[in-house]
Amino acid sequence: MTTMTDTQTSRVRSTAGTKGVTFAGVLRSEWIKLFSLMSTRVLLLLTLVAIVGVGALAVLIRFSFLDEMARQARDQGQTLTPEMMAQTFPPGSGFDLYNLPNAGLQIGILVLGSLAVLFISSEYATGMIRSTMNAVPRRTPAFVAKAILLAVISYVITTIAAVATFLIAMPVFQGLGLDLDWSTDGVLYSVFTGGLYVAGVALIGLSLGALLRNSAGGITVLVGLFFVVSIAASFMTFIPGDFWKYVPQYLPSDAGGRFLSIGHTDGVIDPWQGGMIFLGYVLLFLVPAMIVLKKRDV
Amino acid sequence: MIEATGLTKVYGSKTAVDGVSFTVKAGQVTGFLGPNGAGKSTTMRMIMGLDRPTWGTVTVNGLHYADHKAPLHEVGALLDAKAVHTSRSAYNHLRAMAATHNIPTSRVHEVIEMTGLEAVARKKAGGFSLGMGQRLGIAAALLGDPQTLILDEPVNGLDPEGVLWVRNLVRYLAGQGKTVFLSSHLMSEMAQTADHLIVIGRGRIIADAPVQDIIAGTRQVKTLVRTSAATQLSALLSGDGVTVDQGQPETLEVTGLDARQIAQVALDNRVLVYELTPQQSSLEDAYFDLTKDEVEYHSHLTGGPAGEFAPETAPATAGK
């Protein structure tokens, strides 16, 4: 047990510093919080592996499909040209080759989105949020720091995974004689926009965590929003009449997905419009979360 | 200095803190005493800006806590030893808190050493005992070497050595001119630690005075009387404003008369009295005297129908 003489050190004001709260300090604090948990470090590493893994699996599936087509063509004495192969992936069908970097994106959305929910909801669950609010009583800087950190980490991980996935995909399809490399239309666009989409999902996750203050609830709503609603909405297209065919594309998942593709299709929103709609959804969650966080008792 | 003016917090239909005004001065230990659910924690949470007052305002050194440029240097608070992520080590918890104010890591090591946490600093805080959690909370409060210290039930769960350490620490810090505001429901602890007391009951301040004044202010001075004719003397003494308790054989506890008056009655009636001792009133008596009408949860030790166990007022949800 310490004696009174040890507390003498607390008299020296300089030992505790005098700078006060700075945003860089808050950002560093959130960084320490995120990476001082073993679960986060493991999760981020596994996310990277999983995105590339699922991407590689998607590459393998397409390769076997094309390989099978080529074999059948050979059996009938024909030759499958690369042009014919390319036509099996008509633009807008969701199987465009330029989109390969983002083949494992759904895993990234699921894991990084959930991590974002947990980043704040676990603070409510453990009571840590009160320590956070004590250190940063203005509250908003702590939330903004969390948001920046999550967005950047999501972007970096997704982009690294996209590059890795494409590095796996490129030689496979080049081997089949298809024209696919970094200069192919949409490849670089895919590589650099996939991370933006996942970062947006992470921001929605963080907002849900702050609004609901509950890990299970936040993750459930997030999964519902990005997976269940999208599937449910796809059934709308069976409703007679043209109107319902155009509704699903305004959902966050579909608008965000459209943002990752290139080119104009009649009757479908353009990629930039999809991006703006998705950004709108991000703000729709982020702004109320910040207001509620500032006002609510913790 | 902490100044509260008309501070009020209403949770739904329950008023946890009801128009409380007080000043906590620098250079002394101010105790915040009250039964469970009296509004101590809620008041402290409002000082720290965690709860928004329904009405009224509270400032620390002239500003709302959140308006200070360096809040951790201004106020160190232990409000809840559980305000820690259970999977994070004590060291990393303190490091994350320190980073917000650019407090160097050396200071983190200092407070770990001061609170005796060296052996467990790298372990997950979730596995800490109540006492260790309390020490971590105190370490976090001391991190910014604050001018004002707010501690909610700091000795809760500490071993006797730890209790003594906290007592010495807060006395030392008050001696350095810092403001120390300490809550407890243990009057014995307060009697030994505090200079000044603010007593709260059911959300209202019922006393705000130096400890000595509160003890002296207790009207109910008891006198212990040993007599060979307890029943006879008891009957003679009884009257308006006088209570006579007959405990052990030949022993009376008299309230409402002083020793001289009792002796006079005994002399007039030729009753043998062989002991007559005024009982020194303690802070404990003073506290019970002050809060007897304000206790939120009355204990019913005697048996009886279940209905008798119900609190007399609506159960409180606040004050956790």
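Definitions and cut-offs
- Residues numbered from 1 in each chain as written.
- Chains lettered and ligands numbered in written order.
- Predicted model: local features only at pLDDT ≥ 70, side-chain atom pairs only at ≥ 80, totals over all residues.
- Heavy atoms only, no water.
- Phe/Tyr/Trp six-rings, centres within 6.5 Å; stacked < 30°, edge-to-face > 60°.
- Helix = DSSP H or I, 4+ residues; strand = E, 2+ residues; numbered from the N terminus.
- Buried < 20%, exposed > 50% of the residue type's maximum accessible area, 1.4 Å probe, protein only.
- Lys NZ or Arg CZ within 6 Å of the ring centre and 35° of its normal.
- Pairing = 2+ DSSP bridges.
- Right-handed = clockwise from strand over helix to strand, strands pointing away.
- Patch = residues over 30% accessible without salt bridge, like charges linked within 9 Å, V, L, I, M, F, W, Y side chains within 5 Å.
- Areas by Shrake-Rupley, 256 points an atom, 1.4 Å probe, with all protein chains shown as cover.
- Salt bridge = Lys/Arg side-chain N within 4 Å of Asp/Glu carboxyl O.
- Domains from an automatic or database assignment.
- Axes fitted to C-alpha atoms, helices over the stretch in contact; angles between N-to-C directions.
- Parallel < 35°, antiparallel > 145°, perpendicular 65-115°, else oblique.
- Contact = heavy atoms within 4.5 Å.

**With respect to the packing of aromatic side chains**
All names here are of chain A.
So, point 1. This model, assessed by the stated rule, comprises ten aromatic pairs over all chains.
So, point 2. Geometrically, the ring pair formed by tryptophan 31 and phenylalanine 35 is tilted, given 4.4 Å between the ring centres and 40° between the ring planes. Taken together, the positions of tryptophan 31 and phenylalanine 35, both in helix 2 (residues 23–35) and four residues apart, correspond to about one turn of that helix.
So, point 3. Overall, tryptophan 31 belongs to the partly exposed group, its relative accessible area being 43%.
So, point 4. The exposure class of phenylalanine 35 is partly exposed, given its relative accessible area of 24%.
So, point 5. With a centroid separation of 6.4 Å and an interplanar angle of 45°, the aromatic rings of phenylalanine 235 and phenylalanine 238 are classed as tilted.
So, point 6. Residue phenylalanine 235 is classed as exposed on the basis of its relative accessible area, which comes to 52%.
So, point 7. Given a relative accessible area of 66%, phenylalanine 238 falls into the exposed group.
So, point 8. Members of the aromatic cluster, each reached through a chain of ring pairs, are Tyr197, Phe226 and Phe278.
So, point 9. Sitting over the ring of phenylalanine 119, lysine 146 keeps its end group 4.2 Å from the ring centre.

**A closer look at the pairing of strand 7 (residues 179–184) of chain B**
Residue and element names in this part refer to chain B.
So, point 1. Of all six residues making up strand 7, six are buried, and the element is well covered by its neighbours.
So, point 2. A two-sided burial pattern is seen for strand 7, the buried positions comprising Thr179, Phe181 and Ser183 on one face and Val180, Leu182 and Ser184 on the other.
So, point 3. When strand 3 (residues 29–33) meets strand 7, the two strands line up parallel, connected through five bridges. Following the sheet pairing, leucine 33 is matched in strand 7 by serine 184.
So, point 4. Of the strand pairs in this sheet, strand 6 (residues 148–152) and strand 7 are connected by five bridges, and their pairing is parallel. Across the sheet, the residue bridging to aspartate 152 is serine 183, located in strand 7.
So, point 5. At this point the chain moves from strand 6, through helix 6 (residues 160–175), to the parallel strand 7, and the crossover so formed is right-handed.

**Structural notes on a nonpolar patch on the surface**
So, point 1. Together, Trp272, Met276, Leu279, Leu283, Val287 and Ile291 of chain A line one region of the surface with nonpolar side chains, adding up to about 610 Å² of accessible area.
So, point 2. By secondary structure assignment, the location of methionine 276 of chain A is in helix 11 (residues 271–295).

**Details of the domain arrangement of chain B**
So, point 1. Domain boundaries in chain B define domain 1 (2–216) and domain 2 (222–278).
So, point 2. Each of domain 1 of chain B and domain 2 of chain B has a C-alpha centre, and the two are 46 Å apart.

**With respect to the packing of helix 9 (residues 215–234) of chain A against helix 10 (residues 252–259) of chain A**
All names here are of chain A.
So, point 1. Relative to each other, helix 9 and helix 10 sit at 95°, their axes nearing to 8 Å. With respect to their mutual orientation, helix 9 and helix 10 come out roughly perpendicular. Contacts from Leu225, Phe226 and Ser230 in helix 9 reach Pro252, Ser253 and Asp254 in helix 10.

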